[in-house]
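# Understanding the architecture of this molecule
Below are the chains, spelled out letter by letter.
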Amino acid sequence: LGFTSFQRGIGVSLAVGIVLLVLAVEFWGEITGAVLDLLKRETVSDVADVLSGRSEIWPLGLQLFAESPIVGHGIGTSQALLAQHEWAFVEHQGRHFHSSYLTVAVETGLVGLIAVLLVLLMALVGGMRLSSWSRRQGHRPTLALPWAMMIGGLAHALFETWLLSAGNANMILVWTCILLLLARVNFHGPVSGSLR
């Protein structure tokens, strides 16, 4: 998906995004109803949780975020917060929210979440500008690699808590790609063939 969106350029990707947004708005009630049913369902011992315990932990994360929405509970507090509630978990294991974005929201509140999302938005803009330039110059597949890895990593971070986990190999790769795309925000073309 990342390679295709880069190769097709901003226009096609934006059109697909708008269509998906319209569908999400049109069917918002059905989508939220299905998600809420999944998150609020009673865990039955003989039926495995399709989200591997995340349906237990994510509502708690949203509740904790609501308790301190502006500045959060503090960086690194997730394990202590989850330890206080682990008696209630049936399927969830570990002391992580299994969502990088939810972890940022709980620990740093809107202040940290907005800061992280702004950095990611700037990297997306850098990737789109690079995509537009590479299409005009003749597509170079190697230019698409940081974009594709970033898109895949950010999607995967919805379900895992590694995006800001220092020393994690996935985190290092994705943030390297994000930094490469951030360097392209003011990109106007290669200097002496440096992108070949």
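Keep in mind that what you see is a predicted model, and the values were worked out from it rather than measured.

Here is what the cut-offs are and how they apply
- Residues numbered from 1 in each chain as written.
- Predicted model: local features only at pLDDT ≥ 70, side-chain atom pairs only at ≥ 80, totals over all residues.
- Heavy atoms only, no water.
- Helix = DSSP H or I, 4+ residues; strand = E, 2+ residues; numbered from the N terminus.
- Expected span 1.5 Å × (residues − 1).
- Buried < 20%, exposed > 50% of the residue type's maximum accessible area, 1.4 Å probe, protein only.
- pLDDT = per-residue confidence, 0-100.
- Contact = heavy atoms within 4.5 Å.
- Axes fitted to C-alpha atoms, helices over the stretch in contact; angles between N-to-C directions.
- Parallel < 35°, antiparallel > 145°, perpendicular 65-115°, else oblique.
- Left-handed = near helix turned anticlockwise from the far one by under 90°.

## With respect to helix α4 (residues 54-67)
One full turn of an α-helix is made of 3.6 residues, so residues set three or four places apart face in the same direction. Taking 1.5 Å per residue as the helical rise, α4 with its 14 residues ought to reach 20 Å, and the 20 Å between its terminal C-alpha atoms agrees with that figure. Those residues of α4 that fall on the buried side of the exposure criterion are R54, S55, E56, I57, W58, L60, G61, L64 and F65.

## A look at the confidence of the model for the protein
Caution applies to low-pLDDT parts of the model: their predicted coordinates are not meant to be read in detail. Looking at the protein, the pLDDT average stands at 76 and 68% of residues meet or exceed 70. Across the protein, helix α8 (residues 169-182) holds the top mean pLDDT of 87, while helix α1 (residues 2-8) sits lowest at 63. Low pLDDT (under 50) marks residues 190-196, which in the prediction has nine contacts with non-local residues, meaning those over four places away or in another chain.

## Thoughts on the packing of α4 against helix α5 (residues 78-85)
Closest axis-to-axis distance for the α4/α5 pair is 12 Å, and the angle between their directions is 115°. On the basis of their axis angle, the class for α4 and α5 is roughly perpendicular. Classified by chirality, the crossing of α5 by α4 is right-handed. Of the residues in α5, those touching α4 at I57, L60 and L64 are L81, L82 and H85.

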